[in-house]
Amino acid sequence: MNKHYFERFIKFSIYFIGLIFSLYIIRLYYLQILHGSELNTASYMNRVKILAVPAPRGIIYDRNKVALVKNKPYFSVSLLPLSMGIDIKGLSELLSIDQTVMAAKIKCGLNSLNPIILKDGLFFEDIAKIEAKKSDFPGMIIETNITRNYIHENLMAHVIGYLGKPIQSQLDNPSNDNITKDTLIGKWGVERLYNSTLMGIAGKKIVEVDAFGKVLRVLKFEPPIKGKDLILSIDINAQIAAENDFQGRTGALVAIDPNNGEILSLVSLPSFRPADFTLGINPKIWNKLNSDKKFPLLNRALQSAFPPGSIFKTIDSIAGIEEGIINNNFSVFCNGARHLGNHSYGCWKKGGHGTTAFPRGLVESCDLFYYEVGNRLGIDRIEKYAKLFGLGEKTGLQLSGESAGIVPGKQWKRKALHDSWYLGETLITAIGQGYLTVTPIQAANLASIIASDGKYYPLTLLKGEQEIKPKRVLTIHDETFRKVKEAMLEVVSSPRGTAHSIYTPDIAIAGKTGTAQVVKGRIDTKKQAAETKDHAWFIAFAPVEKPQIALSVFIEHGGHGGSAAAPIALDVIKAYLKPVGAAAKMEQKEVQQLESDTITDSDLLNPPNEDKDDED
Amino acid sequence: MKTNKKRLLEHFDWFILLILFLLCGIGILTIYSATRPAIVSVQPNFYIKQAVWVGIGFLALIMVVSIDYSFLRSIAYPCYIIGLAILLFVLIGGQGKMGARRWLNLGFISFQPTEFFRLIFIIALAKYLSSFKGFMTPKNFGFAVIAFAIPPFVLIMKQPDLGSGLILIFLFALITLARGIEKKFLIIMIITCVIVVPIFGTIVFDHLKVYQRNRIIAFIDTEADPQGIGYQIEQSRITIGSGMATGKGYLKGTQGPLRFLPEKQTDFIFSVFAEEWGFLGASVIFFLYFLLFMRGIDTSLKAKDDFGKMIAIGLTFMLFIYFTINTGMVLGIMPVVGVPLPFISYGGTTLIANFMTIGLLINIRMRRIGLLY
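Sequence order as written defines the numbering, with residues in each chain counted from 1. Going through the entries in the order they are written, you letter the chains from A and number the ligands from 1. Restriction of local features to residues with pLDDT of at least 70 applies here, the model being predicted, together with a cutoff of 80 or more for giving and counting side-chain atom pairs; totals for whole chains, interfaces and linings are based on all residues.

A. Representation of the domain arrangement of chain A in the model. Residues and elements named next belong to chain A. Domain borders in the structure are assigned automatically or taken from a domain database. As far as domains go, chain A holds domain 1 (49-232) and domain 2 (245-269 + 297-577). For domain 1 versus domain 2, the separation of C-alpha centres amounts to 47 Å. Working definition: helices are DSSP H or I runs of at least four residues, strands are E runs of at least two. Numbering for both runs from the N terminus. Only helix H6 (157-160) and helix H8 (189-193) provide two or more residues apiece to the side of domain 1 that touches domain 2. Sort the elements by how many residues they give to the side of domain 1 that touches domain 2 and H8 lands first, with four residues. The class makeup of the residues in the side of domain 1 that touches domain 2 is seven nonpolar, two polar and two charged. Classification used: nonpolar for Ala, Val, Leu, Ile, Met, Phe, Trp, Tyr, Cys and Pro, charged for Asp, Glu, Lys and Arg, polar for all others including Gly.

Here it is in structure tokens:
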């Protein structure tokens, strides 16, 4: 063997070995020093997963502490974002989700600490099959979530509202840092309005998992904090009475406690099933709701304004008395029509009322009487008084999309229609027609202000939450109110009153009917097509001496206020003032049933531990 | 005779033995940590088995040291033929693990004959290469290829064990290169290799098993499929990198016990160590190996005869190739080839064979001065 060659070979070998070691040390430096913290994070993300523990929302009660909405658990099937062993095909078969959809979902959530939700909104019956196969799918977990249990189904759907997952802009809002894309938040009604009160704070379970998704231990558990309960001012008895009485008709009803502005009942029909929305609405139901010509998703009580018709005559009366127009000497001869230029302005009563003074003008709702009152007041004063009673402005109840309605005036017309004001328009405004529009909640508020002798309380859906200070007190003489109230009482009590059909000796109800024309002119009611029929209105308060409830009833294309709307008001007043008998019994029964079938909050706070038997 | 023994002990290589035990100790501790159970409180006994094998290995080492390596010259060829026969027998009657027949079951013990065969191969090749003077002639080389390279390569590839097969060919090339080939012939050979290897490589690749092909694909593009074949490499990268400068601390590593890192106590043991001891610890291990290889090369230089030189350089290269492939793989700069890290990876056969390797190196170094009386 050539010694010289061998030694040279050895020298080269040492260089080569040295080179390899240098390369490896550089690589080691690259991984551990240069990319160390990044790979350390990757190693942390491998084993640590964050499971959200949803907070139960606060329970919503009515003013009598009867639960309107409770909580119930539902389940979602999620996958821990593991780096191995995901059987997409098997999972898609088990959960009957399209394989490509599933693969996209999983790919999307893989670089996260949170589980990927594969299927949501499952209940006990759906979960059994999945639970049985759980061990075949490493990393698959079944999470307990909390949704609403709508005890009363559709009842006051527009008040309660519904829940849903947040939209992107809500997630981006920094004040919403406690919600995730899977948190159910209020989307409509008081669920939305008082979301921050009801929601509570979600807890967190930080767990350590192995490569196969087995939960090894809980590193940290932050228990959820339950949301605060809410006691609404709504009276369930009044609400049930109201909703039953509509019998499928379209319309709205708002009842207010005139002593403090608390909403006792708020109806908008037709409505919807909140349960359909909360766990993601089925597109079929959604399309059906949206294409429905009766707009069930519209909260008519405050989102739409209609001509008030004769209920506006209450304001005319107050204005007329206050301005000295209506006095003992003032009367109008009604022959059924008033002529102005080429136009003829009719009274609803064909033959006319003959010589009419106050209170008969109001009791029998004589149009010609109020044409003259309006004529003497002039549009400016009509506008001023209408606005005093809160018309033309939002009541500020803060439920979504409240409409302000329109109180027309000279300025308004110039701005909106670029035209000057005509006397004829003053006349039809005086009888609540023309440009004038009012929402049912404004109409109820009007009744409430009259009932309380001019106290305009801020409206609220919460019971006893606010200090009862009126938003404003109208500077109108009590005497004026007394006169108008007496007249309104006669509307019901007098045999000639337009709402005499609901007269009952038990309760002194004061009211005013309204029949708002949809098409101009007087047409025989029987021949009218449904969609051109008059709107029926009724505002009332009771008992007259010491009013406890003021309300408005509105029935879209319902015909006459006296015959269509007033009976509903009577039932609601009765249900609210006498919460005894059937209603009370039902309430009791309901409470018992709820206690038995609704899970308790402590169940929700401690969802069943996954892989409990694996923990040692 | 007494003086001989005394002189032999004076030249005993305590240094390499110390490195050997340091590495084995690190191995046992790291195996303990890597196989820590995540939930159940019973520690699997891998580390105890490894300790037992270290003991058996040490006995084997003493046995190997006590016989003058010159004696091996006389039994080299018969042993080589028996070795080939065993490899053939493994193909017929061996036991399969993960699609390859590598294990031989002798009733009371099962082992991988390939591990021992490597030693026999080096000794036999060394005997042949030391049987003539001067550079190798093409004739010598041709004979060596036919007698020592092709038969074992074919048998091992049939198992199939791509890694061991390629290591054997690489080892053959290095040993013959160390022996020295005529320059003209060497150049022709290198040129031929450059032309032939890619063609041959393509043919081999086409005939590889799916898992073998996947390993190569995974090495080339780790990001291609993080769920599947690139997973091991990615997890090994994460495991090593997460150790950062000083490591997570002993028994604090998570990647192994939580089963993110596969083959944690065998092929990927270095990653587990690097996770717990960081750049600092990994550098220390590298330094120990570097010292070991330098000692092996030094032994080869000091050996008293060509036979000893050839064996020593062959064994050192063998260990070096194992080390390079294993750490290169876990560092993500070599393809995933199932090769253990000498002395540290869990595994009895390899460990005993490696003890015998060190035993031979000590033997050769100890007998470097002719004891001619």
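After presenting the structure, the write-up continues.
B. Inspection of the environment of A:Pro408 at higher detail. Residues and elements named next belong to chain A. Examined against the element boundaries, Pro 408 turns out to sit in the loop between helix H16 (367-388) and helix H17 (410-417). The burial criterion counts other C-beta atoms lying within 10 Å of a residue's C-beta, which is placed from the backbone; the residue is buried at 20 or more, exposed at 12 or fewer, and partly exposed between these limits. Using a count of 23 C-beta atoms within 10 Å as the deciding quantity, one classes Pro 408 as buried. Taking the C-alpha atoms as reference points, Pro 408 and Gly 434, 26 residues apart in sequence, are found 8.8 Å from one another. The contact criterion used is a C-beta to C-beta distance within 7 Å, with each C-beta placed from the backbone. Once residues within four sequence positions are removed from consideration, Pro 408 is found in contact with Lys 413, Thr 429, Gly 434, Tyr 435 and Leu 436.

C. How the structure looks around helix H2 (residues 36-47) of chain A. Any helix carries an expected span of 1.5 Å times its number of residues minus one. Compared with an ideal rise of 1.5 Å per residue, which puts 12 residues at 16 Å, H2(A) spans 17 Å between its outermost C-alpha atoms and is within 8% of the ideal. Taken as a whole, H2(A) has its buried residues at A:Gly36, A:Leu39, A:Ala42, A:Ser43, A:Asn46 and A:Arg47. The buried side chains of H2(A) occupy one side of the element, clustering within an arc of 125° when seen end-on. Set apart from the buried face of H2(A) by more than 90 degrees, the exposed residues are A:Ser37 and A:Glu38. Buried residues along H2(A) sit in contact with helix H1 (3-34), strand S1 (48-53) and strand S8 (203-209) of chain A together with helix H10 (231-241) of chain B. What the arc measures is the spread of directions leading from the helix axis to the C-beta atoms.

D. Representation of the sheet that holds strand S21 (residues 549-555) of chain A in the model. Residue and element names in this part refer to chain A. Any two strands with at least two DSSP bridges between them are considered paired. Read across the open sheet, the five strands follow the order S12-S11-S21-S20-S19; overall the sheet is antiparallel. Two strands lie at the open edges of the sheet, namely strand S12 (262-269) and strand S19 (510-516), each paired on one side alone. Looking at each pair of strands side by side, their axes are set apart by 5° on average, direction ignored. Note that strand S11 (residues 251-257) and S12 share seven bridges and pair antiparallel. The partner of Ala 252 across the bridge, within S12, is Ser 268. Contacts between helix H10 (residues 236-246) and the sheet are confined to S11 and S12, with S12 contributing the most and set at about 25° to the helix. Axis definition: a line fitted to C-alpha atoms, limited for helices to the stretch in contact. Angles are taken between N-to-C directions and run from 0 to 180 degrees.

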